[in-house]
Amino acid sequence: MSVACIGECMVELSEQSDGGLTRGFGGDTLNTALYLARLGVAVDFVTALGDDVWSDEMAAAWAREGIGLGQVRRLPGRMPDLYIIRTDAAGERSFHYWRDQAAARDLFAEPGAAETRAALATYDLVYVSGISLSLYGETGRAALFETLAALRARGGRVAFDTNYRPRGWPVWEVAQAAFREALAQADLIFASAEDLDWLFGMAGEGEVLRHRGRAEIVLKALSGRAPVARVLHGTSDTVVPAQPVARVVDTTAAGDSFAAGYLAARLAGLDPEVAAVRGHRLAGTVIGYRGAVIPRDAMPALDRPGARD
């Protein structure tokens, strides 16, 4: 099973309680690719990098994690974007970006775009997010959607995580149109209630549920302060709550890691409800650490007894 995640990796600065900063690397679909690799899934990250030292360090770090680099384009003279994470006392995070000229934004621009598109169309599963959509502009998104259509025409599947960031979309109506197109292309949809409210208001859930039966849907929301996942697959409609966690330090990558746990389980042939349990378990571990990527030795055993599988 060949899997690709499309998106961007940025230099990540995480603000500490004393005002200091620690440096790492992060990006929503990159985080998902990393956790998929740790869960034993063969996955490529599809992006563009510069020829600077930070791009070199990123690529080396991905290789150490077992992420495939065959579809990483290197653009001379370019650099990655940067963001800072701030977290409040409850572990909720806010993001502050410096992003305009990153190499990743030209993934679907020539030279090299035709080769990228041809390669993408050969994967069994391609994972893309709302943040990915915000990178490319109208022309790039059109190329991406054409590529995903070609992938699906030959039997491949598309997974889409809404992951909406308003700052990435200067024109709200453009965002709505792009998300509607992505939802229509997706065979597996991860959607949060918060994203849908921002995008579509009261009609948000309906925008997703119109694809029920055609697509597998995971609707994520909070019940009190506890996350729940409503899983719709075929005629099944099941609510899967997360188990309480002892400590919330930083909610960065909670959704990205949930998607990785869910996808890894589904690719292994497990039922959607079991996949949701595994997604919750991985996300519940990730939010106990600062930053998007937890230590390798902190990875939970998702197949331990009690996983409902």
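In this text, all values refer to a predicted model and were calculated from it rather than measured experimentally.

Q: Quick question: what am I supposed to make of the nonpolar core here?
A: Generally speaking, nonpolar side chains in soluble globular proteins are found buried as a group. One finds Leu-36, Trp-62, Phe-190 and Tyr-262 to be the most contacted residues of the largest nonpolar core, which totals 48 residues. Top contributing element to this core by residue count: helix H9 (residues 254–267), with 7 residues. The contact partners of Leu-36, leaving out residues within four places of it in the chain, are Val-3, Cys-5, Val-41, Val-43, Ala-260, Leu-263 and Ala-264.

Q: Help me understand the pairing of strand E2 (residues 10–15), please; the structure alone is not making it clear to me.
A: Sheet faces and side chains relate simply in a regular strand, where the side chains alternate between the two faces. The buried count for E2 comes to 5 of 6 residues, which makes it a mostly enclosed element. With 6 bridges joining them, E2 and strand E3 (residues 21–26) adopt antiparallel strand pairing. Bridge assignment links Leu-13 to a residue of E3, and that residue is Arg-23. What sits between the antiparallel neighbours E2 and E3 is a turn of 5 residues, in which Gly-19 has the positive phi angle 90 degrees. With 4 bridges connecting them, E2 and strand E6 (residues 82–87) associate as parallel partners. From the neighbouring strand, Leu-13 faces E6, where its bridge partner is Ile-84.

Q: Help me out: how do you make sense of empty space enclosed by the protein in this one?
A: The probe, sized like a water molecule, is rolled over the atoms to show the empty space still left. This model, assessed by the stated rule, comprises 1 cavity of 30 Å³ or more. Every residue along the wall of the largest cavity is listed here: Glu-8, Cys-9, Thr-47, Ala-48, Leu-49, Gly-50, Met-79, Pro-80, Ala-102, Ala-103 and Ala-104. Each residue belonging to the lining of the largest cavity can be placed in one class, and the counts come to 8 nonpolar, 2 polar and 1 charged.

Q: Got a minute to help me understand the packing of H9 against helix H10 (residues 272–286) in this structure?
A: Relative orientation and spacing of two packed helices are given, respectively, by the angle between their axes and the distance between those axes. At their nearest, the axes of H9 and H10 sit 7 Å apart, and the two run at 145 degrees to each other. For the pair H9 and H10, the crossing hand works out as right-handed. In this structure, H9 uses Ala-254, Ser-257, Phe-258, Ala-260, Gly-261, Tyr-262, Ala-265 and Arg-266 to contact H10, whose residues at the interface are Pro-272, Ala-275, Ala-276, Arg-278, Gly-279, His-280, Leu-282, Ala-283 and Val-286. Its residues assigned to classes, the contact of H9 with H10 comprises 11 nonpolar, 4 polar and 2 charged.

Q: What is the right way to look at the confidence of the model for the chain in this model?
A: Should pLDDT be low for a region, the predicted coordinates there are not to be read in detail. The predicted model of the chain averages 92 in pLDDT, with 96% of residues at 70 or higher. Segment residues 305–309: pLDDT under 50, and 12 contacts once partners within four positions in sequence are set aside and those in other chains are kept.

Q: Quick question: what am I supposed to make of unusual backbone geometry here?
A: Most of the time, phi is negative for any residue but glycine, and the peptide bond is trans. Residues Glu-110 and Pro-111 are joined by a peptide bond in cis, for which omega reads 0 degrees. For Asn-163, which is not a glycine, the phi torsion comes out positive at approximately 35 degrees. The backbone of Ala-253 sits at a positive phi, close to 70 degrees, despite the residue not being glycine. Tracing the backbone through its elements, the reader meets Ala-253 in the loop between strand E13 (236–241) and H9.

Q: Before we go on, may I ask you to explain H10 in this structure?
A: In an α-helix there are 3.6 residues to a turn, and that puts residues three or four apart on one side. With 15 residues, H10 extends 21 Å from end C-alpha to end C-alpha; this agrees with the ideal 21 Å at 1.5 Å per step. Across the 15 residues that make up H10, a large majority, 15, are buried.

Q: In this structure, what is going on with the packing of aromatic side chains? I would like to understand it.
A: The description of an aromatic ring pair uses the distance of the two centres, along with the angle that the planes make with each other. In the structure shown here, the tally under the stated rule is 9 aromatic pairs. On the basis of an interplanar angle of 65 degrees and a centroid distance of 5.7 Å, the ring pair of Trp-169 and Phe-179 is categorised as edge-to-face. With Trp-169 in the loop between strand E9 (157–161) and helix H6 (172–185) and Phe-179 in helix H6, this pair connects stretches of sequence that are 10 residues apart. On the basis of an interplanar angle of 85 degrees and a centroid distance of 5.4 Å, the ring pair of Phe-190 and Tyr-262 is categorised as edge-to-face. Of this pair, Phe-190 sits in strand E10 (residues 188–192) while Tyr-262 sits in helix H9, and the two are 72 residues apart along the sequence. Tyr-262 shares its class with Phe-190; the two are buried. An aromatic cluster of three or more residues is present, and its members are Phe-160, Tyr-164, Trp-169, Phe-179 and Trp-198.

Q: Sorry, what's going on with the side chain of Ser-55 here?
A: Secondary-structure assignment places Ser-55 in helix H2 (residues 53–65). Overall, Ser-55 belongs to the buried group, its relative accessible area being 0%. Setting aside residues up to four positions removed in sequence, Ser-55 forms contacts with Leu-49, Gly-50, Arg-74 and Pro-80.

Q: It is not clear to me how the environment of Ala-193 should be interpreted in this structure. Could you clarify?
A: When you line up the elements, Ala-193 lands in helix H7 (residues 193–200). Taking relative accessible area as the criterion, Ala-193 reaches 33% and is therefore assigned partly exposed. Separated by 31 residues in sequence, Ala-193 and Thr-162 have C-alpha atoms that sit 9.8 Å apart. Excluding residues within four positions of it along the chain, Ala-193 makes contact with Lys-220 and Ala-221.

The rules behind these values
In this numbering scheme, every chain counts its residues from 1 along its sequence in written order. Under the rules for a predicted model, residues below a pLDDT of 70 receive no local features and side-chain atom pairs below 80 are neither given nor counted, while totals for whole chains, interfaces and linings still include all residues. The side-chain numbers reported here are obtained from all heavy atoms of the structure, hydrogens and water having been left aside. Side-chain atoms within 4.5 Å link the members of a nonpolar core, which is a set of buried Ala, Val, Leu, Ile, Met, Phe, Trp, Tyr and Cys residues. A simple rule labels every residue: compare its accessible area, found with a 1.4 Å probe on the protein chains alone, to the largest value its type can have, and call it buried under 20%, exposed over 50%, or partly exposed in between. Helix and strand assignments follow DSSP, with helices taken as H or I runs no shorter than four residues and strands as E runs no shorter than two, numbered in order from the N terminus. Pairs of residues are marked as contacts when any of their non-hydrogen atoms sit within 4.5 Å. Whether two strands pair depends on DSSP finding at least two bridges between them. Site definitions follow a grid-based scheme: protein atoms alone, a 1 Å grid, a 1.4 Å probe that fits but cannot get out for cavities, and for pockets an open set with protein on both sides within 12 Å along at least five of seven lines, plus lining residues having an atom within 4 Å of a point. Grid points are joined across faces, edges and corners, and a volume is the space filled by probe spheres set on the points. Gly counts as polar in this scheme, as do all residues outside two lists: the nonpolar Ala, Val, Leu, Ile, Met, Phe, Trp, Tyr, Cys and Pro, and the charged Asp, Glu, Lys and Arg. In this analysis an axis means a line fitted to C-alpha atoms, helices contributing only their contacting stretch, and an angle means the value between N-to-C directions, from 0 to 180 degrees. It is the rotation of the near helix from the far one that decides the hand of a crossing: anticlockwise by less than a right angle makes it left-handed, clockwise makes it right-handed. pLDDT gives the predictor's per-residue confidence on a scale running from 0 to 100. Expected helix span is computed as 1.5 Å times (number of residues minus one). Each pair of aromatic rings taken from Phe, Tyr and Trp, with Trp reduced to its six-membered ring, is defined by centres within 6.5 Å and is described as stacked if the planes are under 30 degrees apart, edge-to-face if over 60, and tilted in the remaining cases.

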